[in-house]
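Working through the structure, step by step
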Amino acid sequence: FSEGLTCVELNEKRGYINTKGEVVVPCMYDDADWFHEGLASVEQNGKWGYINTQGEVVIPCIYDNAVSFSEGLACVEQNGKWGFINTKGEVVVPCIYDDAQSFSEDLARVEQNGKEGYVNTKGEVVVPCIYDNTWWFSEGFARVEQNDKWGFINTKGEVVVPCIYDGAKNFS
């Protein structure tokens, strides 16, 4: 269960029930995800959108893919590119990235032309896409890879541990 609801499937369609087993959202979606921050991504006719915990469509199913909300924003895909929307469905970061991941500590990983970096919740590039691989921020640090070596940056994008290690684990 997530936020008092869980996804169930019936006749190849998905919906949600509460902790008493009562149907809250009828099984009418092709796919559905967990609720986060009061919204769940749902798929209908090959497109994704978001519903609230009462089953009301809050953001129409217009996206090619959609990820759960984190820190008030969600990754969405349109025409093969990724960006971010807020809980009102407003575009905060345009769909210009080849890939994107959820926010952690106010930063999200994004990829362009095979390199990765980070944007903030305003859509501003904080760390340019210069790394071969990146991970989420934890305790103010993220591990990053360049030329098959790993190091760490802080939330300002400053290198705090140079990329000299063959491997590294995340903090916490």
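These lines cover the structure that appears in this document, whether it is placed above or below. (Residues numbered from 1 in each chain as written. Predicted model: local features only at pLDDT ≥ 70, side-chain atom pairs only at ≥ 80, totals over all residues. Heavy atoms only, no water.)

1. Focus on the packing of aromatic side chains
This model, assessed by the stated rule, comprises five aromatic pairs. Centre to centre, the rings of phenylalanine 84 and phenylalanine 103 are 4.8 Å apart; their planes meet at 65°, and the pair counts as edge-to-face. You can see phenylalanine 84 sitting in strand β10 (residues 81-86) and its partner phenylalanine 103 sitting in strand β12 (residues 99-104), a full 19 residues away along the chain. For the cation-ring pair, arginine 109 lies above tryptophan 135, with the distance from its terminal atom to the ring centre recorded as 5.6 Å. (Phe/Tyr/Trp six-rings, centres within 6.5 Å; stacked < 30°, edge-to-face > 60°. Helix = DSSP H or I, 4+ residues; strand = E, 2+ residues; numbered from the N terminus. Lys NZ or Arg CZ within 6 Å of the ring centre and 35° of its normal.)

2. Details of unusual backbone geometry
In this model, glutamate 71 sits at a positive phi of 60°, which is unusual for a non-glycine residue. Inspection of the secondary structure assignment puts glutamate 71 in the loop between β8 (65-66) and β9 (73-78). For glutamate 71, a relative accessible area of 34% corresponds to the partly exposed category. (Buried < 20%, exposed > 50% of the residue type's maximum accessible area, 1.4 Å probe, protein only.)

3. As for the sheet that holds strand β7 (residues 57-63)
Read across the open sheet, the four strands follow the order β4-β5-β6-β7; overall the sheet is antiparallel. One side of each edge strand has no neighbouring strand; the edge strands of this open sheet are β4 (31-36) and β7. Put simply, the sheet's adjacent strands are angled 20° from each other on average, direction ignored. Of the strand pairs in this sheet, β4 and strand β5 (residues 39-44) are connected by four bridges, and their pairing is antiparallel. Directly across from histidine 36, in β5, lies its bridge partner leucine 39. (Pairing = 2+ DSSP bridges. Axes fitted to C-alpha atoms, helices over the stretch in contact; angles between N-to-C directions.)

4. Considering the side chain of asparagine 86
With respect to the helices, strands and loops of the structure, asparagine 86 is situated in strand β10. One polar contact links the side chain of asparagine 86 to the main-chain amide nitrogen of lysine 88, over a distance of 2.9 Å. A polar contact is formed between the side chain of asparagine 86 and the side chain of glutamate 90, at a distance of 2.7 Å. Setting aside residues no more than four positions away along its own chain, asparagine 86 makes contact with Ile59, Phe69, Gly72, Leu73 and Val92. (Polar contact = N/O pair within 3.5 Å; in protein donor to acceptor, adjacent residues only side chain to side chain. Contact = heavy atoms within 4.5 Å.)

5. Digging into the nonpolar core
Counting residues in each nonpolar core, the largest one holds eleven residues, listed as Leu73, Cys75, Trp82, Phe84, Val93, Tyr97, Ala100, Phe103, Ala108, Val110 and Val119. Elements with a contribution of two residues or more to this core: β9, β10, β11 (91-97), β12 and β13 (107-112). Once you skip the residues sitting within four places of it in the chain, valine 119 turns out to touch Phe84, Tyr97, Phe103, Asp106, Leu107, Ala108, Val110, Glu124, Val125 and Val126. Counting ten residues, the second largest nonpolar core, distinct from the first, contains Leu39, Trp48, Ile59 and Val76. (Core = buried A, V, L, I, M, F, W, Y, C linked by side-chain atoms within 4.5 Å.)

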